[in-house]
Structure formats: structure tokens, C-alpha cells
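# Working through the structure, step by step
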Amino acid sequence: MRDPNVPESLEGWWILHRMFAFDRRGWDALPEKRRARYASHARDLIEHLRSREESDAGLAQIVGHKGDLMVTHYAREFDGLAYAQTLLDKLELREFLTPLGSYASVLELGMYDATGKIHAELAERGLTPQMPEWVAQFDELVRKQAESPYLGPRLWARIPQRRYVCFYPMNKKREGNDNWFMLPFADRAKLMTEHGKVGRSYQGMVTQVISGSIGFDDYEWGVDLYADDPLVFKKLVYEMRFDEASSRYGEFGAFWSGLQFSPDQLHVFLDGESVPQLTAP
Ligand code: 76R
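My aim in this report is to walk through the structure given alongside it, one point at a time. As the structure is a computational prediction, the values presented were derived from the model and not from experiment.

Another aspect to go through is the nonpolar core. Core analysis: the largest hydrophobic core is formed by 42 residues, its most contacted members being Phe22, Trp27, Leu93, Leu225, Leu266, Phe269 and Leu270. When residues in this core are grouped by element, the largest group, 6 residues, is from helix H2 (residues 32-51). Residues contacting Leu93, with those up to four places away along its chain left out, are Phe22, Trp27, Ala42, Leu266 and Leu270. Counting 28 residues, the second largest nonpolar core, distinct from the first, contains Ile62, Leu107, Leu122 and Ile159.

Before going further, it helps to spend a moment on the coordination of the manganese atom of the ligand. Donation to the manganese atom of the ligand from the protein comes from one atom only, His195 (NE2), at 2.2 Å. Counting through the fold element by element, His195 comes out in helix H7 (residues 185-200).

A few words on the pairing of strand E11 (residues 256-261). For E11, a buried count of 5 out of 6 residues is recorded, marking the element as mostly surrounded by other parts of the structure. Pairing of strand E2 (residues 55-62) with E11 involves 4 bridges; the strand directions are antiparallel. Looking across to E11, one finds that Gln61 is bridged to Leu259. Bridge analysis of strand E5 (residues 164-172) against E11 gives 4 bridges, and the strand direction is antiparallel. Along E11, the bridge assignment pairs Tyr164 with Leu259.

The subject of this paragraph is the packing of aromatic side chains. In this structure the tally under the stated criterion is 19 aromatic pairs. For the pair Phe252 and Phe255, a centre-to-centre distance of 6.1 Å together with 40° between the ring planes defines the contact as tilted. Plain terms: the ring middles of Phe261 and Phe269 are 5.4 Å apart, the flat faces sit at 25° to each other, and that makes the pair stacked. The exposure classification of Phe261 matches that of Phe269, with both residues buried. By way of ring pairs, the aromatic residues Phe22, Trp27, Tyr38, Phe96, Phe261 and Phe269 are connected into one cluster. When the ring centre of Trp221 is taken as reference, the NZ or CZ atom of Lys172 above it lies at 5.4 Å. Positioned above the aromatic ring of Phe252, the side-chain terminus of Arg241 is 4.0 Å from the ring centre.

Cut-offs and rules
Residues numbered from 1 in each chain as written. Predicted model: local features only at pLDDT ≥ 70, side-chain atom pairs only at ≥ 80, totals over all residues. Heavy atoms only, no water. Core = buried A, V, L, I, M, F, W, Y, C linked by side-chain atoms within 4.5 Å. Buried < 20%, exposed > 50% of the residue type's maximum accessible area, 1.4 Å probe, protein only. Helix = DSSP H or I, 4+ residues; strand = E, 2+ residues; numbered from the N terminus. Contact = heavy atoms within 4.5 Å. Donors = N, O, S within 2.8 Å, 3.2 Å for Na, K, Ca; no water. Pairing = 2+ DSSP bridges. Phe/Tyr/Trp six-rings, centres within 6.5 Å; stacked < 30°, edge-to-face > 60°. Lys NZ or Arg CZ within 6 Å of the ring centre and 35° of its normal.

Right, dumping it as C-alpha cells:
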């Protein structure tokens, strides 16, 4: 990379979303003892994944026909997603879960602002991209960004513990005159600054996790939003539709929305009661 057209980014957690249909009738037909055993094995696995430094896992009841249960996996290494996937697939509970969708991505912090500044700073130091010092100093300055108190902690923040979640994949358009990737860097940077302003006006009301999926899955980014009030998703996503980064260039995949619940409440979801609020991990 190191192409002045390409915004640099920092990457954190590997992320896998899995959506399942739940065979509630089949489950209900099981003897109570087996239900309890299967549910506790599944809970133990999710708690195991949550208790380790190198992974996290979250559960949500999806509302609507696109699924019943969404499992979100975080892993420090890509291989960790494969590990989590296999362990989940080995559960007895999986007999009652049919995969409907999944999404693989990696948490990403875009750095339009910093990339522009780094290129300018290296030019000021009298370096040009052909020089080996330029490359070394460029990489060092990008790496340093991960140490910033604003960006660093966000790379490895655990799954936000807020009741409501909304996930969708999206692209930036490449169509005729509306081609995001052909816009000059400065124009994209300006649009992203405006995008960030709209986003920040929802500070406190929503926690967003942007993950990059170019090279891993069918869209370019995954968007996770977490809030204590589901109406915030509509307000925020609607307001963003009027912002040029979305109005002109946003292209959206399917939306999944639902309620997060704690792993120790999995049996409640499986047995068909309303899932209680999240409890502290
Ligand atoms: O700090 C800043 O100025 C900008 C930080 C920022 C970046 C780099 C940011 C802030 N986003 C960034 C990148 Mn975002 N975001 C979305 C969606 O539904 C839609 O219309 C779009 C889906 C939402 C709802 C959202 C929310 N963001 C991105 C990218 C990568 C683009 C690229 O690199 O080209 C995408 C695809 C994307 C999409 N964004 C915010 C938010 C919110 C709420 C914020 C403010 C977060 C905060 O600082 O508290």
C-alpha cells in the first residue's frame, strides 16, 4: 500500500457473525433433562470464549424471519474464528440451529485524517516515496497511531454490552459517475469528516463497530450498532442517508436487528421465555 490514494487503517479483532434459524418445535419436543444439558454445554462454550483474552462472543435474539439467533465472535487471530466456529458446530444444540447467514470481517479504524497528515509530514521532512527512509518512517508513523489513546483501546474493545444490536454489511458505490474509489483522496476525506460529524452527534446513544471485509466476504464493510433504545438505529441510519457518504455512495446489504442477552440466559431464550436484560459479564 502506502499509496497516497489509499487511506491507511488499523485493524483489531477478527469478527465472525453467524445467523441461525432455531427449530423451536424440535427443541420443545426434547425431554427437559436433555434441553438443560444441551443448553448448559452451549452456555459453557460461549462463556469459555468470553473468558479468554484472545476471544469474545455474544448472543442476540434476531427479530424477523431472517434468523432467530445471531452469534458474534471476536478473535485476536483469524484462526480463532475457525476455532470458535468448529466448537460451536460440535455442540448438541447445533442439531436445532440451521445456518442462514454469516459474515467475516476485521475491526477497522479508518484513518483518512492521519494518512493525509503522514504524507504531508514526510514531504516536509524532504522525503519522497521512492526513498527507503520514506517507507520506514511511513510505517512507523502508521504504527504509532495504534498507540494513540483515542484509537488504541477501540481496536480491542470487547463486544459492547448494550441491549439492542443491529448488523448490516455495506459497500461504497462504484457506478458511473458515482464511484467512491475514483474520488480524489481529499474529497473522500472531506466526506468522511462530515460522516464522522453526524456519527458523533449520537455520542453516548450508540456504539458503532466498523469492520472491513474486503477480501473476506461479499461486501466491503460490516456495520454493528449497539444501543439501549432500538429507535436510535432508525434515527441515526436515517440521518446518515442525507449525508453524501451514504446518500450518494452507500449501498446496503441485509439488516439484522435484535436483542442481546447474556450467555447465562441462553436456556431462557431456548425454552421460549422473554430474554432478560444483559447482566454484567
Ligand atoms: O472520527 C471521525 O471523524 C470519523 C470516524 C469514523 C470513521 C473513519 C466514523 C464515525 N465512521 C468511520 C468509517 Mn462510520 N458508520 C457507518 C454507518 O448507515 C449508513 O449510512 C452507514 C453505516 C454508520 C451508521 C456509522 C456510524 N463508517 C466508516 C466506514 C468506512 C469507510 C471508509 O473507510 O471508506 C463505513 C462504511 C462507515 C459506516 N460512524 C462514525 C458512525 C458513528 C456513530 C460514528 C461516530 C463514532 C464516534 O466517534 O462516536
